[in-house]
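# Notes for the structure review
Residue strings, one per chain:
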Amino acid sequence: MSFDVVINNGRYFDGTGGPSAVRNLGVRDGHVAAVTTERIEGREEIDASGQWVLPGLIDIHTHYDVEVLNGPALTESLRHGVTTVVVGSCSISTIHVDGVDAGDLFGRVEAIPRDYVIAAIDQHKNWSTAEEYVRAIEARPLGPNVTAFIGHSDMRTAVMGLERATTKADQPTRAELAQLERWLGEALDAGFIGLSSQQLLFDRIDGDVCRSRTLPSTYVKRREMRRLTRLVRRRGRVLQSGPDIQHPHKMAAQLARSIGGVRRPLKISFLAAADAKSNPIGYRILVDAARLINALGGDFRWQHLPVPFEVYGDGIDLVIFEELGAGAAALHLRDEVERNELMRDEQYRRRFRKEYDNKFKIGAWHRDFFDADIVSCPDTSLVGRTFGQIGLDRGLHPVDAFLDLVLEHGRALRWRTVISNHRPKVLKKLAVDPGVQVGFSDAGAHLRNMAFYNSGLRLLRHVHQSTVAGAEFMTIEHAVHRLTGELADWYSLDAGHLRVGDRADITVVDPAHLDEALDTYVEEPVEQYGGLSRMVNRNDDTVTAVLVGGRTVFRNGVPTDLVGSVRTGSFLRAGRKVAPPSVPVRAAVGD
């Protein structure tokens with residue numbers, strides 16, 4: 001029998017967590033057609049000797065909502081073996097809002113240039129319903145598969161207007177609540193995996209009209225949330241959110257919503273299980289809470305980035321400062337002259353120092369400038385030093401040392417810090433915990449601040465190196481399952497497995513190159529964002545081949561001619577089998 005593609009001699013993992021074995025894989029018409037020990041032939045042959053043949057990785061948390069419109073190949077995920085991405089996270093999507101509102105919602109929260117968000121929506125949006133959105137996405141030359149949440153802030157803004165949607169006193173009318181329910185129902189009918197909301201209070205709006213207010217979903221009251229989650233629960237879909245960590249009693253109530261009792265459990269996926277430097281025991285509280293909720297009949301998972309959470313800042317432009325009132329005040333000002341005047345003001349500095357020194361305030365940032373080192377600066381003598389060290393040398397509080405350098409060098413002052421997931425032993429515990437989901441990267445957002453496109457590969461490296469060292473904490477089969485089949489099954493997606501008849505979304509990994517190259521990042525200009533230099537990962541020796549829908553999209557770090565020219569991915573509808581595109585779908589003229 002002849003196949004479209006064969007992958008010979010690789011160690012085959014089916015995504016279920018079952019034993020791996022050396023097998024030959026045959027692909028036909030976008031599906032796995034054979035898994036055998038016999039030698040097989042095809043029009044395209046890949047020799048995977050000494051390599052791992054895995055289901056394509058699944059990224060459950062991205063912000064590709066804008067990039068999928070003007071750069072639908074999404075090559076930065078494809079090259080690292082990610083074949084399915086989830087958009088519509090954190091309550092923001094592009095289903096119902098117009099360009100300006102989308103720019104206000106995405107621009108500051110996700111650090112995507114607002115003007116380019118507006119331009120992309122205004123140029124490409126030709127849909128007004130969730131079903132039309134699916135068709136519009138599949139009319140583009142998609143690289144990976146895409147699936148989506150519908151964003152609560154997206155719907156609320158479109159129904160009420162951004163001004164009303166971001167005031168506590170103004171709640172939706174009965175007619176507006178009914179419209180929210182209709183839109184959510186339409187999205188679930190179209191195969192969206194659920195509703196994303198957000199209660200974190202440091203995600204702030206861009207633009208002029210409502211600048212620095214928190215996202216619309218943070219103003220929601222119990223009645224509105226209850227009506228929407230009732231529909232999500234009834235349909236067996238997922239509520240994704242970020243809890244209000246500054247008010248633990250509210251967070252507990254949000255977690256308890258998952259418990260079914262006489263009802264169906266509500267699937268909830270929350271941000272985020274992390275070993276935060278700001279709270280060394282916090283991760284224990286989170287995993288214990290998940291264990292309790294699930295024991296009481298819930299269906300709850302924390303999302304987790306399985307690598308050190310290293311972030312970079314250009315001057316004061318970094319989302320972690322939104323946690324502090326002083327930081328948010330500076331980021332509120334877009335005019336550099338006004339911002340610099342504020343940072344020179346002694347009263348402002350006194351406020352910043354007071355908030356920085358309050359180590360008991362709950363937050364993600366550890367507030368330690370001794371743990372923040374400079375990586376590039378016009379004054380090269382400062383490179384490699386921390387702001388705390390510089391403050392000691394100059395007789396200054398670390399906050400004053402930081403602000404002085406920002407005033408002197410602006411965005412040319414580039415620095416980094418690790419805010420969480422810094423202890424390998426704790427990462428191992430989180431990687432195996434059943435209340436934790438692995439696969440969150442924030443791909444497509446925070447373009448100058450972080451690069452976790454290869455986070456799945458980095459987990460595989462951690463597992464592989466531990467096994468080689470004789471300190472195994474989970475098997476490779478289990479790790480692959482966590483990154484693929486487990487996620488697909490929980491979100492009801494036609495992905496994540498490589499059994500005969502399954503979609504042929506395949507990643508071939510060379511374990512010999514699961515090495516330190518995965519830790520580095522490089523910068524790559526993003527054409528659709530005006531050439532903005534984005535942080536990306538480059539470890540092209542690690543992933544030797546990637547297939548989406550049975551068609552090869554990457555070989556040895558190089559995209560094939562298909563990428564960006566024809567559609568290989570599909571919109572994966574929850575609870576349904578979705579056929580890979582059988583005939584190349586060319587990009588529409590002008591797209």
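Residues numbered from 1 in each chain as written. Predicted model: local features only at pLDDT ≥ 70, side-chain atom pairs only at ≥ 80, totals over all residues. Heavy atoms only, no water.

Under an unreviewed UniProt entry, the name given to the chain is Amidohydrolase family protein, and the organism recorded is Mycobacterium paraterrae.

It is worth spelling out the nonpolar core at this point. If you look at the biggest cluster of nonpolar residues, it comprises 104 residues, and the most contacted ones within it are Y133, L184, F192, L195, W302 and L460. At six residues, the largest contribution of residues to this core is made by helix 8 (residues 174–189). Leave out the neighbours within four places in its chain, and F192 touches I95, A130, Y133, V134, A148, F149, I150, A187, R237, F571 and A574. Counting 38 residues, the second-largest nonpolar core is a separate cluster that includes W365, W415, F440 and M450. (Core = buried A, V, L, I, M, F, W, Y, C linked by side-chain atoms within 4.5 Å. Buried < 20%, exposed > 50% of the residue type's maximum accessible area, 1.4 Å probe, protein only. Helix = DSSP H or I, 4+ residues; strand = E, 2+ residues; numbered from the N terminus. Contact = heavy atoms within 4.5 Å.)

What follows deals with empty space enclosed by the protein. Following the criterion strictly, the structure yields four cavities of 30 Å³ or more and no others. The volume enclosed by the largest cavity comes to roughly 100 Å³. Taken together, D314, G315, I316, D317, R334, E336, R339, N340, M343, V406, G410 and R411 make up the full set of residues lining the largest cavity. For the lining of the largest cavity, the leading source of residues is helix 13 (residues 336–344), giving four residues. Partitioned by chemical class, the residues of the lining of the largest cavity number three nonpolar, three polar and six charged. Around the second largest cavity sit L57, I58, D59, V82, G439, S441, F452, Y453, S455, G456 and L483, which together line it. (1 Å grid on protein atoms, 1.4 Å probe; cavity = no way out; pocket = protein on both sides within 12 Å on 5 of 7 lines; lining within 4 Å. Points joined across faces, edges and corners; volume = space filled by probe spheres on them. Nonpolar A, V, L, I, M, F, W, Y, C, P; charged D, E, K, R; others polar.)

A separate point is the pattern of salt bridges. Counted by the stated rule, this structure contains 46 salt bridges. D288 is paired through a salt bridge with R291; the nearest N and O atoms lie 2.8 Å apart. You can see D288 and its partner R291 sitting in helix 11 (residues 282–295), three residues apart, about one turn around the helix. Several salt bridges share partner residues, and in doing so they unite E76, R79, E524, R538 and D540 into one network. (Salt bridge = Lys/Arg side-chain N within 4 Å of Asp/Glu carboxyl O.)

Attention now moves to the confidence of the model for the chain. Residues shown with low pLDDT carry predicted positions that ought not to be read at fine detail. Averaged over all residues, the pLDDT of the chain equals 95, while 98% of them reach at least 70. Within the model, the stretch residues 583–591 combines pLDDT values under 50 with 15 contacts to residues more than four positions away or in other chains. (pLDDT = per-residue confidence, 0-100.)

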